[in-house]
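# Observations on the three-dimensional arrangement
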Amino acid sequence: MKEEKLQSKIDLVNEIKEKIEAAHSIVLVNYRGLDVENVTALRKELREAGVGFKVYKNTMMRRAFNDLDINDFDELLVGPSAIAFSNEDAVAAAKILVKNAENMEALEIKAGYVDGKAIDVAGVEALSKLPTREVLIAQVLGGLNAPIQGLANVLTGNLRGLAVALDAIREQKEQQQSA
């Protein structure tokens, strides 16, 4: 019986470690005082954005973080803690949780983890203000496209000017021939 319980704890710690390693970013929150309706709405919004949201025992999360040599969260893993794993878009969890924390007093951001670095509440808020991956790609492509469009406009402008000049010469020659 004790061996089964120990094995289930080991499996749970391994599950948490796998989720941490697979995530682009994570956000730790305190959800004490949230009612079922708010938690359900929050989970739905996170799920739709491709963000996993799970409540684990603090000891299990602490063990998983420590096994991964992430010791920045030991003092934060007290009270009711939940963790959001952003697997697709690194800013999605931060955006949703910061927005909801503004509307739900009971939801408190504790910290985050992005690109192998722990970030504090201010870092999570800054992360939430970044544009999504798709918007960043669109901005980069727009920046790359602007010089090409400018060149195309210059070239078509020169061709247009040449066409107008040739047309004027043609009209002038026609007038000379008819006169």
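Residues numbered from 1 in each chain as written. Predicted model: local features only at pLDDT ≥ 70, side-chain atom pairs only at ≥ 80, totals over all residues. Heavy atoms only, no water.

### Points about the pairing of strand 3 (residues 81–86)
Counting buried positions along strand 3 gives six out of six residues, so the element sits mostly inside the fold. Of the two faces of strand 3, the one lined by Ser81, Ile83 and Phe85 and the one lined by Ala82, Ala84 and Ser86 are each fully buried. By the bridge criterion, six bridges tie strand 1 (residues 25–30) to strand 3 in an arrangement that is antiparallel. Bridging across to strand 3, isoleucine 26 finds its partner in phenylalanine 85. Relative to strand 3, strand 2 (residues 51–55) is paired through five bridges, and the arrangement is antiparallel. Looking at strand 3, one finds that valine 51 is bridged to serine 86. (Buried < 20%, exposed > 50% of the residue type's maximum accessible area, 1.4 Å probe, protein only. Helix = DSSP H or I, 4+ residues; strand = E, 2+ residues; numbered from the N terminus. Pairing = 2+ DSSP bridges.)

### Focus on the side chain of serine 25
If you trace the backbone, serine 25 turns up in strand 1. On the basis of relative accessible area, serine 25 is assigned to the buried category, the value being 1%. At 2.6 Å, the side chain of serine 25 forms a polar contact with the backbone oxygen of alanine 90. Filtering out sequence-adjacent residues up to four positions away, serine 25 remains in contact with Ala84, Phe85, Ser86, Ala90, Tyr113 and Val114. (Polar contact = N/O pair within 3.5 Å; in protein donor to acceptor, adjacent residues only side chain to side chain. Contact = heavy atoms within 4.5 Å.)

### A word on the pattern of salt bridges
For the coordinates displayed, the defined rule picks out five salt bridges. Aspartate 67 serves as the salt-bridge partner of lysine 17, at 3.6 Å between the closest nitrogen and oxygen. A residue pair is termed long-range when its members are at least 10 positions apart, and lysine 17 in helix 1 (residues 2–22) and aspartate 67 in helix 3 (residues 58–67) qualify at 50 residues. Classification of aspartate 67 as partly exposed rests on a relative accessible area of 40%. Residue arginine 170 is joined to glutamate 174 by a salt bridge in which the shortest nitrogen-to-oxygen separation is 2.9 Å. Separated by four residues within a single helix, arginine 170 and glutamate 174 lie in helix 6 (residues 133–178), roughly one turn from each other. For glutamate 174, a relative accessible area of 43% translates into the label partly exposed. (Salt bridge = Lys/Arg side-chain N within 4 Å of Asp/Glu carboxyl O.)

### Let's talk about the packing of aromatic side chains
Overall, the coordinates contain two aromatic pairs when judged by the stated rule. Aromatic pair phenylalanine 65 and phenylalanine 73: ring centres 4.8 Å apart, planes at 55°, arrangement tilted. Plain terms: the ring middles of phenylalanine 73 and tyrosine 113 are 6.3 Å apart, the flat faces sit at 75° to each other, and that makes the pair edge-to-face. Of the two residues, phenylalanine 73 sits in the loop between helix 3 and strand 3 while tyrosine 113 sits in strand 4 (residues 108–114), which places them 40 residues apart along the sequence. Phenylalanine 73 gets classed as buried once you look at its relative accessible area, which sits at 1%. (Phe/Tyr/Trp six-rings, centres within 6.5 Å; stacked < 30°, edge-to-face > 60°.)

### Observations regarding the packing of helix 2 (residues 36–48) against helix 4 (residues 92–103)
Between helix 2 and helix 4, the shortest axis-to-axis distance is 10 Å and the interhelical angle comes to 155°. Classified by the interaxial angle, the pair formed by helix 2 and helix 4 is roughly antiparallel. As for how helix 2 packs across helix 4, the hand of that crossing is right-handed. Touching Leu42, Glu45 and Leu46 of helix 2 are Ala93, Ile96, Leu97, Lys99 and Asn100, all from helix 4. Its residues assigned to classes, the contact of helix 2 with helix 4 comprises five nonpolar, one polar and two charged. (Axes fitted to C-alpha atoms, helices over the stretch in contact; angles between N-to-C directions. Parallel < 35°, antiparallel > 145°, perpendicular 65-115°, else oblique. Left-handed = near helix turned anticlockwise from the far one by under 90°. Nonpolar A, V, L, I, M, F, W, Y, C, P; charged D, E, K, R; others polar.)

### Structural notes on helix 5 (residues 121–129)
Among the residues of helix 5, those classed as buried are Val124, Leu127 and Ser128. Mapping the buried residues of helix 5 onto a view down its axis gives an arc of 100°, with all of them on the same face. Looking at the buried positions of helix 5, the neighbouring elements they touch are strand 1, helix 4, strand 4 and strand 5 (117–119). (Arc of directions from axis to C-beta.)

Shape is all these values report; function is a separate question.
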